[in-house]
Amino acid sequence: MRIRPAAPGELPALQDVERAAGAPFRDIGMPDIADDEPPATRTLERHRRAGRCWVAAEGPDDRPVGYLIAEPVDSALHVEQVSVHPDAARRGLGRALLARAGRHAREEGLAALTLTTFADVPWNAPYYARLGFRTLAETELTPGLRAIRAEEAAHGLDRWPRVCMRAGIPLTGETSVRWPA
């Protein structure tokens, strides 16, 4: 497995990864999340061109089995989406993608990684907490995170408890998050 920038022709494959990664939400009573459409190819392309779309690729054909897209928000790199195909789950691919995003954040002089996620889904907030992310109190939300949360609420995601999380990135040395370098 290797983490690398996404190639232009892979964007539909990233959408397929997203659809597959969403399927387990159906099993926990969140069918609307399972049926939600992945990011549009134009959105993925915007992140790719900006250098903030990475894939976890494997096999002799170097096919993507996971991906992460991110965007600077306030003084952090905000992880907009990280998804791993269920067939490739539990092998550290999500952690490796987050580590790559953390290195990018440090290179850009950003102070942290942030993300929003479901509070009670085992592979969401509890997973990120194990990696060293902490849940932010409402009073700690930056204007950019407040705007993201408002957009999510307008999209109907607040039907289930959601949280904002943050992991600090020292400007030198290794990230403080417990992920591989």
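Structure's up top.
A few points on the structure.

Conventions used here
- Residues numbered from 1 in each chain as written.
- Predicted model: local features only at pLDDT ≥ 70, side-chain atom pairs only at ≥ 80, totals over all residues.
- Heavy atoms only, no water.
- Helix = DSSP H or I, 4+ residues; strand = E, 2+ residues; numbered from the N terminus.
- Buried < 20%, exposed > 50% of the residue type's maximum accessible area, 1.4 Å probe, protein only.
- Axes fitted to C-alpha atoms, helices over the stretch in contact; angles between N-to-C directions.
- Parallel < 35°, antiparallel > 145°, perpendicular 65-115°, else oblique.
- Left-handed = near helix turned anticlockwise from the far one by under 90°.
- Contact = heavy atoms within 4.5 Å.
- Nonpolar A, V, L, I, M, F, W, Y, C, P; charged D, E, K, R; others polar.
- Pairing = 2+ DSSP bridges.
- Salt bridge = Lys/Arg side-chain N within 4 Å of Asp/Glu carboxyl O.
- Phe/Tyr/Trp six-rings, centres within 6.5 Å; stacked < 30°, edge-to-face > 60°.
- Lys NZ or Arg CZ within 6 Å of the ring centre and 35° of its normal.
- Right-handed = clockwise from strand over helix to strand, strands pointing away.

## Concerning unusual backbone geometry
Thinking step 1. A positive phi angle, close to 55°, is found at D74, a residue other than glycine.
Thinking step 2. Position of D74 among the secondary structure elements: in the loop between β3 (63-73) and β4 (76-84).
Thinking step 3. A positive phi angle, close to 65°, is found at R90, a residue other than glycine.
Thinking step 4. As for its placement among the helices and strands, R90 is situated in the loop between β4 and α5 (93-107).
Thinking step 5. R90 sits in the exposed class, given a relative accessible area of 86%.

## What to know about the packing of helix α1 (residues 11-22) against helix α4 (residues 41-49)
Thinking step 1. Closest axis-to-axis distance for the α1/α4 pair is 10 Å, and the angle between their directions is 115°. Viewed along their axes, α1 and α4 adopt a mutual orientation that is roughly perpendicular. Crossing of α1 over α4 shows right-handed handedness. Judged by residue contacts, L11, L14 and Q15 of α1 engage T41, L44, E45 and R48 from α4.
Thinking step 2. Counted by class, the contact of α1 with α4 contains 3 nonpolar, 2 polar and 2 charged residues.

## Here's the deal with the sheet that holds strand β7 (residues 162-168)
Thinking step 1. Pairing within the open sheet is mixed, and its 7 strands lie in the order β1-β2-β3-β4-β5-β7-β6. What marks the edges here is a single partner per strand, and that holds for β1 (2-5) and β6 (134-135).
Thinking step 2. Sitting on the sheet, α5 is in contact with β1, β2 (53-58), β3, β4 and β5 (112-118), with an inclination near 160° to β4.

## Some points on the pattern of salt bridges
Thinking step 1. Per the stated rule, a full pass over the model turns up 18 salt bridges.
Thinking step 2. Between R4 and D62 there is a salt bridge; the shortest N-O distance is 2.7 Å. Taken as a pair, R4 in strand β1 and D62 in the loop between β2 and β3 lie far apart in primary sequence, 58 residues in all.
Thinking step 3. On the basis of relative accessibility, which here comes to 9%, the residue R4 falls in the buried class.
Thinking step 4. As a salt-bridge pair, R146 and E138 come within 3.2 Å of each other at their nearest N and O atoms.
Thinking step 5. According to the relative accessible area criterion, R146 is partly exposed, its value standing at 37%.
Thinking step 6. Because the salt bridges share partners, they merge into one network encompassing R2, R4, E10 and D62.

## Looking at the packing of aromatic side chains
Thinking step 1. One pass over the full model with this rule turns up 5 aromatic pairs.
Thinking step 2. Note on F25 and W123: the rings are 5.2 Å apart at their centroids and 70° apart in plane angle, and the pair reads as edge-to-face. Of this pair, F25 sits in helix α2 (residues 24-27) while W123 sits in the loop between β5 and α6 (125-130), and the two are 98 residues apart along the sequence.
Thinking step 3. With relative accessibility at 8%, the residue F25 sits in the buried group.
Thinking step 4. One aromatic cluster is present, built from ring pairs that chain together F25, F118, W123 and W160.
Thinking step 5. Between R162 and the ring centre of F118, over which it is positioned, the NZ or CZ distance is 4.4 Å.

## Observations concerning the pairing of β4
Within a regular strand, side chains alternate between the sheet's two faces.
Thinking step 1. Most of β4 is tucked away: 7 of the 9 residues are buried.
Thinking step 2. With 8 bridges joining them, β3 and β4 adopt antiparallel strand pairing. Paired with P72 across the bridge in β4 is L77.
Thinking step 3. One ladder, built from 4 bridges, connects β4 with β5; its direction is parallel. Bridged to A76 within β5 is A112.
Thinking step 4. What joins β4 to β5 is α5, and the crossover it makes is right-handed.

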